[in-house]
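# Reading the structure
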Amino acid sequence: TTTTTTTTTIASKPTLEEYMTNYVPAPLSKEETTEKKKEEDNSKSLGKWFPKASVVKSSVCYNNDYLAKLAKDKKKLMKQQQQQQQQNDNNSDGKSDGKSETQSHTSTARTIIEPKASIVLFYQYVSPPWTTSQVSTFLTYLTTIAKKHRTNIGGRVRVSTEGINATVSAASTSNPTSTDTNGNNTNNGSNGMSPAFEAAQTLRHFAQDLRNFDPAGFANTDFKYVDDLSADRHFKEFKLIPVKELVFYDIREEDCKESATASSSDKAGKEGSAGKESKEVKGGIHLEAK
């Protein structure tokens, strides 16, 4: 009796060390005056709340029609391969002449690789707070990264003297439909990387760029990554929004003072009217028995 054991190998998630392979840091800007002028030239109003936002268009954009066609072609190809495999299995009873086996290898070698995206969400309050000059330099630094070094990123980034609040995406840049001399798609992404790995790696490199700018400020930042997403989850633009506070409550300082004054007056009135009926003791207010 012969027992056959089938082992299923599950691909492990890449480590941070693997993602950081070939990392090239984005240079920190030293020419603040020139770069600041470039930042101002790149500014764009996003309405009355964000009059000086900077917008950089991502170098990668996959429209829904293209992705839908790609998914349809992939499904069609898989169906053809299944039919071919079934035909080969029917001929594998010893009557095959070897030709069908060759056709099987050629058919199963073909595949369609879809583009992928990754997203990272994070926020970071810095202590001590950044100066307005540091905020300006940081915005310029992020603009340079998006325009020259990680051009396949997009997202929405709010920056203030308090820190940063951001949702950033990255998409694979490789051509998912390239073929070999036999018409087979053998492309596995840019530089031999899969599209999912490339998109995920871009965001890990971006996170390291932030640590390079402020090592202490971003030392313990909790970057929440979501990888291997459909490419339509990628943001088409990288928006940098300078704000006064990361979380906007729409409360004016004078409103807080008026509220505090009213609260104190109200409290004093209540204590005066209840003075004859109650007395305050440690642990709470107790009514006198009548």
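My aim in this report is to walk through the structure given alongside it, one point at a time.

Calculation notes
- Residues numbered from 1 in each chain as written.
- Predicted model: local features only at pLDDT ≥ 70, side-chain atom pairs only at ≥ 80, totals over all residues.
- Heavy atoms only, no water.
- Phe/Tyr/Trp six-rings, centres within 6.5 Å; stacked < 30°, edge-to-face > 60°.
- Helix = DSSP H or I, 4+ residues; strand = E, 2+ residues; numbered from the N terminus.
- Buried < 20%, exposed > 50% of the residue type's maximum accessible area, 1.4 Å probe, protein only.
- Polar contact = N/O pair within 3.5 Å; in protein donor to acceptor, adjacent residues only side chain to side chain.
- Contact = heavy atoms within 4.5 Å.
- Expected span 1.5 Å × (residues − 1).
- Axes fitted to C-alpha atoms, helices over the stretch in contact; angles between N-to-C directions.
- Parallel < 35°, antiparallel > 145°, perpendicular 65-115°, else oblique.
- Left-handed = near helix turned anticlockwise from the far one by under 90°.
- Nonpolar A, V, L, I, M, F, W, Y, C, P; charged D, E, K, R; others polar.
- Salt bridge = Lys/Arg side-chain N within 4 Å of Asp/Glu carboxyl O.
- Patch = residues over 30% accessible without salt bridge, like charges linked within 9 Å, V, L, I, M, F, W, Y side chains within 5 Å.
- Areas by Shrake-Rupley, 256 points an atom, 1.4 Å probe, with all protein chains shown as cover.
- Pairing = 2+ DSSP bridges.

### Observations concerning the packing of aromatic side chains
All chains considered together, the criterion is met by 11 aromatic pairs. With centroids separated by 4.8 Å and ring planes inclined at 55°, the aromatic side chains of Phe122 and Phe223 adopt a geometry described as tilted. Note that Phe122 is positioned in strand 3 (residues 116-125) and Phe223 in the loop between helix 6 (195-213) and strand 6 (224-230), a separation of 101 residues in sequence. For the pair Phe122 and Phe223, one class covers both residues: buried. Ring centres of Phe223 and Tyr225 lie 6.3 Å apart, and the angle between their planes is 25°; this geometry places the pair in the stacked category. With relative accessibility at 10%, the residue Phe223 sits in the buried group. Through a chain of ring-to-ring contacts, three or more aromatic side chains come together here, namely Trp130, Phe138, Tyr141, Phe213 and Phe218.

### Looking at the side chain of Asn152
Relative to the assigned elements, Asn152 resides in the loop between helix 5 (132-149) and strand 4 (153-160). Take Asn152: its relative accessible area is 6%, and that puts it in the buried class. A polar contact is formed between the side chain of Asn152 and the side chain of Thr202, at a distance of 3.2 Å. Not counting residues up to four positions away in its chain, the partners in contact with Asn152 are Ser58, Ser59, Val60, Ser169, Ala170, Ala171, Thr173, Thr202 and His234.

### Overview of helix 3 (residues 64-90)
Taking 1.5 Å of rise per residue, 27 residues should cover 39 Å, and helix 3 covers 39 Å from first to last C-alpha, within 8% of that figure. Among the residues making up helix 3, those that are buried are Leu67, Leu70, Leu77, Gln81, Gln84 and Asn88.

### Here's the deal with the packing of helix 5 against helix 6
It is at 12 Å that the axes of helix 5 and helix 6 come closest, and there the two elements cross at 150°. The angle between the axes of helix 5 and helix 6 places the two elements in the roughly antiparallel class. The two elements helix 5 and helix 6 meet at a crossing, and its hand is right-handed. Contacts between helix 5 and helix 6 involve Gln134, Thr137, Phe138, Tyr141, Leu142 and Ile145 from the first element and Phe206, Asp209, Leu210, Asn212 and Phe213 from the second. Partitioning the contact of helix 5 with helix 6 into residue classes produces 7 nonpolar, 3 polar and 1 charged.

### Details of the pattern of salt bridges
Under the criterion given, the structure shown has 5 salt bridges. Among the ionic pairs, Asp222 bridges to Lys224, the shortest N-O distance being 2.8 Å.

### What about a nonpolar patch on the surface?
A surface patch of nonpolar side chains, about 310 Å² in accessible area, is lined by Tyr123, Tyr125 and Val247. Tracing the backbone through its elements, the reader meets Tyr125 in strand 3. Take Tyr125: its relative accessible area is 41%, and that puts it in the partly exposed class.

### Quick look at helix 5
Side chains of residues three or four places apart in an α-helix project in the same direction, reflecting 3.6 residues per turn. In a regular helix each residue adds 1.5 Å, so 18 residues correspond to 26 Å; helix 5 covers 25 Å between its end C-alpha atoms and thus fits that length. By the burial criterion, the buried members of helix 5 are Val135, Ser136, Thr137, Phe138, Leu139, Thr140, Tyr141, Leu142, Thr143, Thr144, Ile145 and Ala146.

### Some details on the pairing of strand 3
In this structure, strand 3 lies alongside strand 6, joined through 5 bridges in antiparallel fashion. Paired with Ala117 across the bridge in strand 6 is Leu229. As judged from the 9 bridges shared by strand 3 and strand 5 (residues 163-171), these two strands associate in the antiparallel manner. Paired with Ala117 across the bridge in strand 5 is Ala171.

### Quick notes on unusual backbone geometry
The step from Ser127 to Pro128 runs through a cis peptide bond, and the omega angle for that step is 0°. A positive phi angle, near 60°, is found at Asp228, a position not held by glycine. With respect to the helices and strands, Asp228 occurs in strand 6.

### So, the environment of Lys74
Structurally, Lys74 can be placed in helix 3. The exposure class assigned to Lys74 is partly exposed, which follows from its relative accessible area of 27%. Each C-alpha atom of the pair Lys74 and Ile112 lies 5.7 Å from the other, and the pair is 38 residues apart in sequence. Residue contacts for Lys74: discarding those within four places in its chain leaves Ile112 and Glu114.

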